[in-house]
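# Architecture at a glance
What follows is each chain in one-letter form.
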Amino acid sequence: MKFERLPDHVAIVMDGNGRWAKMRNLPRLAGHNAGMKALKEIVKRSSTLGIRHLTVYAFSTENWRRPSEEVGGIFKILVQYVDKELGELHENNVKVSVLGNYKKLPEDAVKKLEEALRKTKDNSGLQFHIALNYGSRDEILQAVKGVARDVAAGNLAESELTEAVFSQYLFTKDIPDPDLVIRTSGEVRLSNFLLWQSAYSEFVFSEVYWPDFTPERYEEAIAEYAKRARRFGGVK
Ligand code: IPE
Ligand code: IPE
Ligand code: MG
């Protein structure tokens, strides 16, 4: 597809893995596995379309409330994904980054992620941000604490604190705000994702479960975005 306007930054809430599995009488982890396959295709398509930033919500600060077998399984699948895909991501010039307090993940996952960060750090293609143990309220709270520390230490004056400066205290510092936020599985909520950053994002909600979100569906969402009139509070 050809687009009139391409989003610079697409952020996706990859939701519906569990229901996808349930529909097939499979364990929830089978859904997470299928979800990783879908992710692989969306990353590839983002690269070929020339999208600059792709952020995916992979694990929220609230997802720790799930049974420990599921939580452990999700991280195992993540390690497998990085193991299998890192070579190709690197060949495709993709730069991986992580948003969230990922150091709280199991040790093998932390190691794998750091390997991916190290290996791809100089790549100039698609910037692929994985939100892991990410929660927007947590992010904002950490940012406020950072600001408070810098003010107390005399490194920042209250009068210097602008929206742009505050943004630099967030996990997403140096990443432009998402132009398009997509959520799959029919749920119409943010679930603590990019609250500050999505102030003026366009939203597209898809009814399909994440494992069924094909590159074709992705392009439909981008086409929908291209039709939207963005006003940012002004007039067109
Ligand atoms: C999204 O799918 C993946 C994660 C939250 C890790 P879900 O696991 O939330 O799937 P549903 O919403 O239960 O169908
Ligand atoms: C949001 O999905 C988090 C991720 C996709 C990683 P959830 O499935 O956790 O969200 P809720 O619980 O339906 O709001
Ligand atoms: Mg869900």
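Residues numbered from 1 in each chain as written. Chains lettered and ligands numbered in written order. Predicted model: local features only at pLDDT ≥ 70, side-chain atom pairs only at ≥ 80, totals over all residues. Heavy atoms only, no water.

## Some remarks on the pattern of salt bridges
Summed over all chains, the structure comprises 19 salt bridges. Across the pair K111 and E107 runs a salt bridge whose closest N-O atoms are separated by 3.5 Å. Taken together, the residues K111 and E107, both in helix α4 (residues 107-120) and 4 residues apart, mark about one turn of the helix. Residue K111 shares its accessibility class with E107, and that shared class is exposed. Note that K121 and D122 form a salt bridge whose closest N and O atoms lie 3.3 Å from each other. Overall, the relative accessible area of 48% leaves K121 in the partly exposed class. Accessibility expressed as a relative area gives 64% for D122, which makes it exposed. One salt-bridge network, held together by shared partners, links D15, R19, R183, E187 and R189. (Salt bridge = Lys/Arg side-chain N within 4 Å of Asp/Glu carboxyl O. Helix = DSSP H or I, 4+ residues; strand = E, 2+ residues; numbered from the N terminus. Buried < 20%, exposed > 50% of the residue type's maximum accessible area, 1.4 Å probe, protein only.)

## Here we look at the site of ligand 2
Taken together, V13, M14, D15, Y57, A58, F59, N63, R66, R183, R189 and S191 make up all the residues around ligand 2. At 3.2 Å from an oxygen atom of ligand 2 is found a side-chain nitrogen or oxygen belonging to D15. A distance of 3.2 Å separates an oxygen atom of ligand 2 from a polar side-chain atom of R66. A total of 3 residues in the shell around ligand 2 trace back to one element, the largest contributor, which is strand β2 (residues 53-60). Within the shell around ligand 2, the residues separate by chemical class into 5 nonpolar, 2 polar and 4 charged. (Near = heavy atom within 4 Å. Polar contact = N/O pair within 3.5 Å; in protein donor to acceptor, adjacent residues only side chain to side chain. Nonpolar A, V, L, I, M, F, W, Y, C, P; charged D, E, K, R; others polar.)

## Regarding the packing of helix α3 (residues 68-91) against α4
For the pair α3 and α4, interaxial distance at closest approach is 10 Å and the crossing angle is 10°. Overall, the two elements α3 and α4 adopt an arrangement that is roughly parallel. Counted together, L78, V79, V82, D83, L86 and H90 of α3 and D108, A109, K112, L113, E115, A116, K119 and T120 of α4 form the full contact between these two elements. Of the residues belonging to the contact of α3 with α4, the class tally is 7 nonpolar, 2 polar and 5 charged. (Axes fitted to C-alpha atoms, helices over the stretch in contact; angles between N-to-C directions. Parallel < 35°, antiparallel > 145°, perpendicular 65-115°, else oblique. Contact = heavy atoms within 4.5 Å.)

## A word on the pairing of strand β4 (residues 127-134)
Across the 8 residues that make up β4, a large majority, 7, are buried. Looking at chain direction, β2 and β4 are connected through 7 bridges and run parallel. Its bridge partner being in β4, T55 is matched across the sheet by H129. Of the pairings in the sheet, the one linking strand β3 (residues 95-99) to β4 comprises 5 bridges and is parallel in character. Bridging from a neighbouring strand, V98 pairs with I130 of β4. Taken together, β3, α4 and β4 constitute a β-α-β crossover, and its handedness is left-handed. (Pairing = 2+ DSSP bridges. Right-handed = clockwise from strand over helix to strand, strands pointing away.)

## So, the nonpolar core
Proteins that are soluble and globular tend to have nonpolar side chains buried together. Of all hydrophobic cores here, the largest spans 47 residues; its most connected members are I12, L39, L54, L105, F128 and Y218. The greatest single-element share of this core, amounting to 10 residues, is contributed by α3. Ignoring anything within four residues of it in the chain, the contact list for L105 reads W64, F75, L78, V110, L113, L132 and N133. In terms of nonpolar packing, the next biggest core, distinct from the first, is built from 10 residues, V13, A131, I175 and F193 among them. (Core = buried A, V, L, I, M, F, W, Y, C linked by side-chain atoms within 4.5 Å.)

## Here we look at the environment of E187
If you trace the backbone, E187 turns up in the loop between β5 (180-183) and β6 (202-205). Sequence separation between E187 and K111 is 76 residues, and the spatial gap between their C-alpha atoms is 33 Å. Contacts of E187, omitting those with residues within four sequence positions, involve D15, R19 and F205. Among the polar contacts made by the side chain of E187, one reaches the side chain of R19 at a distance of 3.1 Å.

## Considering the packing of helix α2 (residues 28-49) against α3
Contact geometry of α2 with α3 gives a least axis separation of 10 Å together with a crossing angle of 30°. It follows that α2 is roughly parallel to α3 by the angle criterion. The hand of the α2/α3 crossing is right-handed. Residues R28, L29, H32, N33, M36, L39, K40, V43 and K44 of α2 lie in contact with α3, whose contacting residues are E69, E70, G73, I74, I77, L78, Q80, Y81, E85, E88 and L89. Split into classes, the residues belonging to the contact of α2 with α3 amount to 9 nonpolar, 4 polar and 7 charged. (Left-handed = near helix turned anticlockwise from the far one by under 90°.)

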